[in-house]
Amino acid sequence: MRQAYSELMKEISAGKFVYTGELEPVKTTSLKEVLEGAQTLKGHVVAVNVTDNPTAFAYMNALIPSYVIQRDVGVEAVYQMTVRDRNRIALLSDILAAGALGIKNILALSGDHTTVGDTPQAKPVYDLDSTTFVYMLSKIVDEGVDLNGNRVEEPPKFNVGIAANINADPLEPEILKLERKVKLGVDFIQTQAVYDVERAKRFMEAVDYLNTPVLIGLAPFRSVGMLDWMVKFVPGIAVPEEVQERIRLADKRGGKAAVLEENVEIFGDLARELKKTTRAKGLHLMAIGFEHIVPRIIERAG
Amino acid sequence: MVRKKPMDQILAMIGECKNLLILGCDGCAGVYQEGGRKQVELMKTAIEMAEEVKKGRKVNILTDVVERQCESSFCASVVNPVIHNVDAILSLGCGVGVQVLADMYPNTLIIPGHDTMFIGVEDRESGMFHELCKACGSCLLYETGGICPVARCAKSLLNGPCGGQSKGKCEVGGWKKDCAWVLIYNRLKDRERLDLFTVFRAPKDFREMQHPREFSASGG
């Protein structure tokens, strides 16, 4: 078991039920929205993930906003890193930079394939996969050497997280993959969005033997359009009919404001249920662009 | 696997050449009925007709087929006797055949009639070809139940599957193709060898597939 270097891991280790948020720097040179989002989340979450070119859309490098929200807002970052766009040299280079800037959490991801993004002509890298990336991080943090055994001066101190596909079908290869990563040195697991309690429970039971803290992902719907997009395009996402119906009815009833209120109820209740009935150590709330819903969901979860 | 280039492209490459040799290959290209005797003759007819209609001229076309175009000695026995009579060779082999010919006859225009796609195999039922091998130089098929993730996973993951898998299908190409890692999982599970599935495969040494590649059959 690796030492808790980050606030996130310190709180988990102390037995607190934690919340994390998520910010998405997009195709802009402005940090305004990211900083506002971080400000909204401050005090409600222990750390905030900063996404790395999600769904292979080319956006701002996640390291800069990760650093700036820590420095200017005082919210800890979970710096997401995908292996899609960097070979092991570029990964190491960014890891050292992150260490120098005081980043304490890295979420090691493979990254959606370039062909599903907004630059499908790009040559994908995948020099490492997310598992070998975890291996690389462990070597650096725990042994102070890179993949080739070259010494790293003043190695960075990170806690390493990974993502889990809570909706995976079949589930067993996903669990076996998580086990393999956990053995290599994983501190926490964040799951993809889940919308029904039974699915979450089944997953939590399956990973119980790994003895690794799990933060279950929740992704409320900003609009009916987003709901439709999630249902149609995001792999492995299963939104129960009842939830879809509630969001759609709310939209008809009172537009955006009503959708927001309905979300607070649906996800607040879901959060409370997960907190009460599973062994999750926390929840990862992905409400990009409407961070103001996060404190309300947490409040309703109790 | 090879795929015939569009006729317009082939005609453009032939340009003003008057004497052409169409050389087929009975190896891989021939087996999959792209570069065999029949295709060579069909190509001859197609070029003759097109040249006559489009350019109003007659091209002298010789045809032949070699057992394996990647073997220069095979090519030599067929091509050497006629090389002084041709301006260009249209190869109906793969990219290797084209390059072997280009090396043998540096003063002759060698025209690729095919786009070489990949190393793979035909599924006779669906008529589709599937890429099976990346020639990566460090075969791990023993660990993966004889299914190669380097060639058959869109991300070439060694420790997959990734989150882009849904119901055994891959996010690349709209969930129509199988996730290689689910195939591997199912195969190993059936054989009660999930211990092989969970083996940690260390970062790949890509020097093995660093091109241009060289290899000595005598152990180098």
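To be clear, the structure that these remarks concern was listed above.
Calculation criteria
Residues numbered from 1 in each chain as written. Chains lettered and ligands numbered in written order. Predicted model: local features only at pLDDT ≥ 70, side-chain atom pairs only at ≥ 80, totals over all residues. Heavy atoms only, no water. Helix = DSSP H or I, 4+ residues; strand = E, 2+ residues; numbered from the N terminus. Buried < 20%, exposed > 50% of the residue type's maximum accessible area, 1.4 Å probe, protein only. Contact = heavy atoms within 4.5 Å. Areas by Shrake-Rupley, 256 points an atom, 1.4 Å probe, with all protein chains shown as cover. Lys, Arg positive; Asp, Glu negative; His and termini not counted. Charge placed at Lys NZ, Arg CZ, Asp CG, Glu CD. Pairing = 2+ DSSP bridges. Axes fitted to C-alpha atoms, helices over the stretch in contact; angles between N-to-C directions. Salt bridge = Lys/Arg side-chain N within 4 Å of Asp/Glu carboxyl O. Polar contact = N/O pair within 3.5 Å; in protein donor to acceptor, adjacent residues only side chain to side chain.

### Topic: the overall build of chain A
- Summing up its helical and strand segments, chain A has 10 helices and 8 strands in all.
- With the C-alpha coordinates aligned to their principal axes, the bounding extent of chain A is approximately 60 × 45 × 35 Å.
- Sorting the 302 residues of chain A into buried and exposed places 58% on the buried side.
- Of the contacts made within chain A by residues no fewer than 6 positions apart, 77% connect residues no fewer than 24 positions apart.
- Here chain A has roughly 12,500 Å² of accessible surface; of this, 51% comes from carbon and sulfur atoms.
- Side chains of chain A give 36 positive and 41 negative charges; the mean places of these two sets differ by 1 Å.

### Re the sheet that holds strand 4 (residues 105–109) of chain A
Residue and element names in this part refer to chain A.
- Spatial strand order, 1-2-3-4-5-6-7-8: 8 strands in a closed barrel with parallel pairing. Here the strands of the sheet are splayed against their neighbours by 25° on average, with no regard to which way each runs.
- Alignment of strand 5 (residues 159–164) against strand 6 (residues 188–193), held across 4 bridges, turns out to be parallel. Bridge pairing links glycine 161 to phenylalanine 188 in strand 6.
- This element, helix 7 (residues 197–207), spans strand 5, strand 6 and strand 7 (214–218) of the sheet and lies at about 160° to strand 7.
- Relative to the sheet, helix 9 (residues 241–277) contacts strand 1 (18–23), strand 7 and strand 8 (282–285), its axis offset from that of strand 7 by approximately 160°.

### Digging into the side chain of Glu291(A)
All names here are of chain A.
- Within the secondary structure, glutamate 291 is located in the loop between strand 8 and helix 10 (293–301).
- Summary of buried charges: glutamate 291 has no salt-bridge partner, and the nearest side chain of opposite charge, arginine 222, is 7.4 Å away.
- Within the local environment of glutamate 291, its side chain forms a polar contact with the backbone nitrogen of glycine 289, the two atoms lying 3.1 Å apart.

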